[in-house]
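# Observations on chain architecture
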Amino acid sequence: MEADRVGLRNLAESGYSPQGMASFFERLDEQGRLYGGNTPEMLRTHPLTTNRIADARARADSYRGGRTDSQEFMAMQARTKVLAESDPSQTLDYFQRSLTENLTQSAEQKTAIQYGLAIAKLKNAQYQEAQNILSGLLKAQPDNLSFILAQAEVHARLGQQKESLRLLDHTYQWHVSLPLLRQYAETYLQFHQYQAARNFLLRQDLGTW
């Protein structure tokens, strides 16, 4: 308990969110259950009990300030988790469980998990379900570029080229970035419109990026 208390204090004084310790404990506890009788030594000598995790969470709540992860960071973290997994079904299960098992999530965390679930469904070819999730996210945050690009990709996967390009073109009027240009070109490529993709990219001043 003393080590946890000092660790929380060090995290806060270093500018990191103390909540990270409790989240890490929860992740270790989840991994520990998977090991069964082959629990790593670190978890045998420093057991993670429900009380220890709850105490860490309660102590972390008493701190104010510190660095907190933005929703965009958490969304990119979720996306990276999906793209780095060799078996797409694993991340699909992970995000589905994350939405139902952890009841202490902030609104930003829930949004990031929903986005991760949408990307996981996209990678598992569950395009309509991904589209439904993204539609809900865009209704709440219509200018969120990550949600827009994912929805444009889903439209393309569903064969809805006009809808995909319409969404990208609308976004292009107020925001220009490499991810947007890439998705624009990939939408053309998805429908074997290679010359259109080439012409679009040639119109961009890519030398300034």
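One can find the structure itself at the top, above this paragraph.
Now for a quick tour of the structure. (Residues numbered from 1 in each chain as written. Predicted model: local features only at pLDDT ≥ 70, side-chain atom pairs only at ≥ 80, totals over all residues. Heavy atoms only, no water.)

## Quick word on helix α5 (residues 71-84)
The condition is simple: Helix numbering and strand numbering both begin at the N terminus, where a helix is a DSSP run of H or I of at least 4 residues and a strand a DSSP run of E of at least 2. What a helix should span is 1.5 Å times the count of its residues minus one. Burial classification: accessible surface area is computed with a 1.4 Å probe over protein chains only, and a residue below 20% of its type maximum counts as buried, one above 50% as exposed, and the rest as partly exposed. Along the arc lie the directions from the helix axis toward the C-beta atoms. Whether two residues are in contact is decided by their heavy atoms: any pair within 4.5 Å suffices.
Counted at 1.5 Å a residue, the expected span for α5 with its 14 residues is 20 Å, and the 20 Å between its end C-alpha atoms agrees. Residues of α5 that are buried include every one of Gln 71, Met 74, Ala 75, Ala 78 and Val 82, and no others. Buried residues of α5, seen end-on, are gathered within an arc of 105 degrees and therefore sit on one face of the element. Facing away from the buried side of α5, by more than 90 degrees, are the exposed residues Thr 80 and Ala 84. Residues of α5 that are buried in the fold lie against α6 (88-101), α7 (107-123) and α9 (145-157).

## Things to note about the packing of α7 against α9
The condition is simple: As a rule, the C-alpha atoms of each element are fitted with a line to give its axis, helices using only the stretch in contact, and angles between N-to-C directions run from 0 to 180 degrees. An angle below 35 degrees is treated as roughly parallel, one above 145 as roughly antiparallel, one from 65 to 115 as roughly perpendicular, and anything else as oblique. With the far helix as reference, a near helix turned anticlockwise by less than a right angle produces a left-handed crossing, and one turned clockwise produces a right-handed crossing. Polar here means any residue other than Ala, Val, Leu, Ile, Met, Phe, Trp, Tyr, Cys and Pro, which are nonpolar, and Asp, Glu, Lys and Arg, which are charged; Gly is therefore polar.
Contact geometry of α7 with α9 gives a least axis separation of 11 Å together with a crossing angle of 20 degrees. Between α7 and α9, the crossing angle belongs to the class labelled roughly parallel. Relative to α9, α7 is oriented so that their crossing is left-handed. From α7, Thr 111, Tyr 115, Ile 119, Leu 122 and Lys 123 reach across to α9, where they touch Ser 146, Phe 147, Ala 150, Glu 153, Val 154 and Arg 157. Within the contact of α7 with α9, the residues separate by chemical class into six nonpolar, two polar and three charged.

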